Amino acid sequence: MKQLLLFVLLPLFSFSQNFTKEQMAAWQQQAHRVTIIRDTWGIPHIYGKTDADAVFGLMYSECEENFERVERNYLEVMGRLAEVDGINKVYDDLQMQLIYDSAEAKKDYANSPDWFRKILNAFADGVNYYLATHTNVHGYMLNHFEPWFALMYTDGSISATETGGLTTQDVKNLYPLKDIPGAAMLENDKLINRERLSGSNGFAFAPSRTESGNAILYINPHVTFYFRTEVQVVSEEGLNAYGAVTWGQFFVYQGFNEHCGWMHTSSYADVADLYKEKIIQKGDSVYYEYDKQLRPVRKKQIIIRYKKEDSVIQMPLTVYYTHHGPVMGSRDGKWLSLKEHNRSYAALLQSWSRTKAGGFEEFKKIMGLRSNNSNNTVFADDKGNIAYWHGNFMPIRDTSYNWSLPVDGSTPATEWKGLHALDATIHIYKPVSGFIQNCNSTPFTASGKSSPNKKDYPSYMSGDVQNPRALNAIRLFDNDKKFTIDKVIAAGYDHYLSVFAILLPSLFDAYKKLDENDSSKKQLAEPIRVLQSWDKYSSENSVATTLAVFWGNQMVLKLARLREDENENDQIELFKLLAKKTPAKEQLEILLSSVKMLESKYGTWKIAWGEINRFQRNTGKAKETFSDDLPSFAVGLASARWGCLPAFENRPYYNSKKQYGLSGNSFIAAVEFGKKVKAKTIVTGGQSSDPSSKHFTDQASMYINGQLKDVFFYKEDVMLHVEKQYHPGE
């Protein structure tokens with residue numbers, strides 16, 4: 001279907017919002033019912049009379065710390081990031097506008113019960129009051145928030161938008177926009193991320209596995225740095241949640257209250273499907289075949305805008321829908337529509353309600369809403385219960401179809417047939433093994449002998465595979481060892497790079513068999529000795545880590561082809577195949593190439609990992625910049641792809657010699673649920689986004705070395721560590 005695009009040039013500016021005297025008076029009154037106490041780490045503890053008051057204070061506090069990130073998250077789900085970032089975000093915006101319907105969000109707001117509408121109103125009012133009292137702060141595009149905005153962004157995950165295996169080329173095939181780059185969202189989808197082996201870790205330990213006899217939960221999301229902020233939010237209506245809040249949201253996404261805690265890891269469960277539609281065109285009308293009848297394809301006009309220099313380009317575009325959902329693209333001449341559940345009132349209600357759960361039974365009842373679209377959940381409570389749910393929203397489907405590929409959209413046989421009951425989804429309750437681990441990995445080894453049986457579930461419930469981090473976690477937990485909160489933290493910061501236990505033996509064998517007269521024998525003698533004497537733990541001072549990582553980075557370029565040729569997704573099996581299938585000569589050539597690459601860039605291959613691998617924070621902006629000329633911290637952590645549990649994903653910045661961390665460990669919490677909650681946390685760098693603040697990098701060294709700070713959860717403890725106390729607007 002060809003598109004006739006009309007490009008309109010508009011000036012680039014953002015309108016300021018004038019708030020009425022009545023609005024200001026109401027907000028000031030609500031602000032006086034809210035107290036924000038920032039402790040000696042700069043963390044806000046927000047106390048409100050009602051839940052709505054607490055949400056008002058939370059949103060005000062988030063904007064104080066980083067309004068830019070609050071706004072960007074909503075621009076993203078509204079499909080408007082290209083208006084800020086330019087042409088590279090056009091296809092991302094197109095996809096978001098196809099999937100996220102603001103009209104439906106507005107309808108959900110109108111139909112919300114009064115109590116929840118008060119919370120939604122408080123969400124918008126908190127942001128707007130911040131803008132009204134900070135006239136020097138201007139959004140890129142949003143200078144007034146509406147309550148329905150929250151219903152556009154109902155899941156706090158970094159990978160919340162499910163597209164069913166859609167590719168950039170699929171979208172371009174149907175919506176060819178000349179000179180527009182492909183979508184970053186699709187280029188960084190879950191399949192690609194699985195190849196990169198990044199993700200999150202969640203661990204839970206039952207009383208049988210702890211020295212205190214209390215359950216312990218470890219919360220360790222791996223996301224882009226500063227994706228969330230640390231808070232406590234309390235009301236007189238039973239809210240008392242502590243943890244990480246995704247910018248712009250009003251619920252603690254990963255955290256705990258006085259009775260229980262929850263950790264989410266991104267799931268590869270199949271919760272969105274592509275349908276191949278049979279399209280028939282009659283004149284100017286477009287139809288699709290369904291159940292041997294023709295149905296009209298619904299058309300909709302949208303406008304995609306993108307920044308170009310000091311102006312905004314407008315592109316009107318016709319998009320299409322079937323009863324399955326938006327037509328996202330085409331493949332092999334077939335239009336692909338998407339059935340998904342990326343945004344819903346129930347999902348937002350579930351996200352909010354779980355923060356007030358009183359324990360396992362209440363939490364399970366909330367999970368029964370079955371609207372969490374993209375996450376696994378690791379749980380622990382003060383009664384000693386630990387639990388795990390692999391996914392949550394799970395449609396029932398005909399198992400005779402391969403749901404990992406687009407299915408026939410013309411037959412009712414491929415329709416979703418309701419949702420699986422909660423207890424029919426993959427889960428673990430009160431395991432005899434006493435532990436649960438999930439590292440974005442298969443649920444079928446999540447709890448040792450208590451793990452679920454793969455044969456008991458349809459394949460679409462888990463596309464997750466075994467990965468190096470999970471292998472490391474199993475090594476640490478599948479035994480009789482008892483843990484304390486500090487021992488759990490130490491395990492969470494275990495630097496063992498399990499992949500190299502798989503890859504290096506074949507390299508050593510190749511070197512051993514190398515002819516003595518081969519010139520490489522002498523050239524590689526010392527590098528091989530260094531690697532052979534290495535314990536496979538990464539550290540700041542380790543030359544072997546540097547050598548192994550540079551060699552490994554070239555070796556893993558073969559993984560994508562191997563996965564395709566061998567029809568294998570399990571990461572451990574892929575690494576075994578990589579070691580087995582890569583010719584001995586080639587492995588040695590790659591090592592020699594790595595040695596020469598290091599010598600060329602750094603003058604010697606004998607360079608410690610911490611000299612290259614650095615943490616740096618300069619601006620606090622959403623798009624950070626890095627420089628070898630500015631101070632930075634040496635980091636001994638390594639990428640999750642190698643099995644390092646405390647992930648630290650780095651890259652060089654333009655022409656820098658050093659490589660700077662961009663993602664990986666972010667907010668981390670270890671929580672013990674006894675008669676009183678005991679918890680320790682850390683965030684990347686520090687709480688503040690202001691470079692002039694003492695809280696900009698005051699946690700950096702602790703973050704790097706796994707030294708978590710004590711949480712001030714109870715009001716009496718907070719009052720002993722007050723740095724600043726105020727009402728919003730003061």
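Everything quoted here is computed from the prediction, not taken from an experiment. (Residues numbered from 1 in each chain as written. Predicted model: local features only at pLDDT ≥ 70, side-chain atom pairs only at ≥ 80, totals over all residues. Heavy atoms only, no water.)

Draft legend 1. Here's a closer look at the sheet that holds strand β9 (residues 254-256). Pairing is mixed in the open sheet, where 10 strands are placed in the order β22-β20-β19-β10-β9-β8-β7-β3-β2-β31. The open sheet has two edge strands with one neighbour each: β22 (427-429) and β31 (722-726). Each adjacent strand pair in this sheet contributes to an overall mean axis angle of 15°, direction not counted. Sheet contacts for helix α2 (residues 51-77): β2 (34-39), β3 (44-48), β7 (228-235), β8 (240-246) and β31; angle to β2, the most-contacted strand, approximately 55°. (Pairing = 2+ DSSP bridges. Helix = DSSP H or I, 4+ residues; strand = E, 2+ residues; numbered from the N terminus. Axes fitted to C-alpha atoms, helices over the stretch in contact; angles between N-to-C directions. Contact = heavy atoms within 4.5 Å.)

Draft legend 2. Representation of the side chain of Asn240. Mapped onto the secondary structure, Asn240 falls in strand β8. Separated by 2.9 Å, the side chains of Asn240 and Gln232 make a polar contact. Those residues in contact with Asn240, other than ones at most four positions away along the chain, are Gln232, Val233, Val234, Phe256, Asn257, Glu258 and Phe713. (Polar contact = N/O pair within 3.5 Å; in protein donor to acceptor, adjacent residues only side chain to side chain.)

Draft legend 3. The arrangement of the environment of Asp382 in detail. Within the fold, Asp382 resides in the loop between β19 (375-381) and β20 (386-389). Separated by 124 residues in sequence, Asp382 and Glu258 have C-alpha atoms that sit 8.1 Å apart. Apart from residues lying up to four places away in sequence, Asp382 is in contact with Glu258, His259, Phe673 and Gly674.

Draft legend 4. Representation of the pattern of salt bridges. Applying the stated criterion across every chain, the model contains 29 salt bridges. Two residues, Lys487 and Glu211, come together in a salt bridge whose shortest N-O distance is 2.6 Å. With Lys487 in helix α13 (residues 485-492) and Glu211 in the loop between β4 (201-205) and β5 (215-220), the pair connects residues that are 276 residues apart, well separated along the chain. The shortest N-O distance in the salt bridge between Asp494 and Arg475 comes to 2.9 Å. Of the two residues, Asp494 is situated in the loop between α13 and α14 (499-512) and Arg475 in helix α12 (residues 468-477); the sequence distance between them amounts to 19 residues. A network of salt bridges, in which partner residues are shared, links Arg38, Glu64 and Glu65. (Salt bridge = Lys/Arg side-chain N within 4 Å of Asp/Glu carboxyl O.)

Draft legend 5. Spatial organisation of the layout of surface pockets. Within this model, the second largest pocket holds a volume of roughly 740 Å³. If you go around the second largest pocket, you meet 27 residues; those closest to its centre are Cys63, Glu64, Glu65, Asn66 and Asp690. Within the residue set of the lining of the second largest pocket, elements represented by two or more residues are α2 and β31. Among the elements that take part in the lining of the second largest pocket, α2 stands out by supplying 7 residues, more than any other. For the lining of the second largest pocket, a count of residues per class yields 6 nonpolar, 12 polar and 9 charged. (1 Å grid on protein atoms, 1.4 Å probe; cavity = no way out; pocket = protein on both sides within 12 Å on 5 of 7 lines; lining within 4 Å. Points joined across faces, edges and corners; volume = space filled by probe spheres on them. Nonpolar A, V, L, I, M, F, W, Y, C, P; charged D, E, K, R; others polar.)

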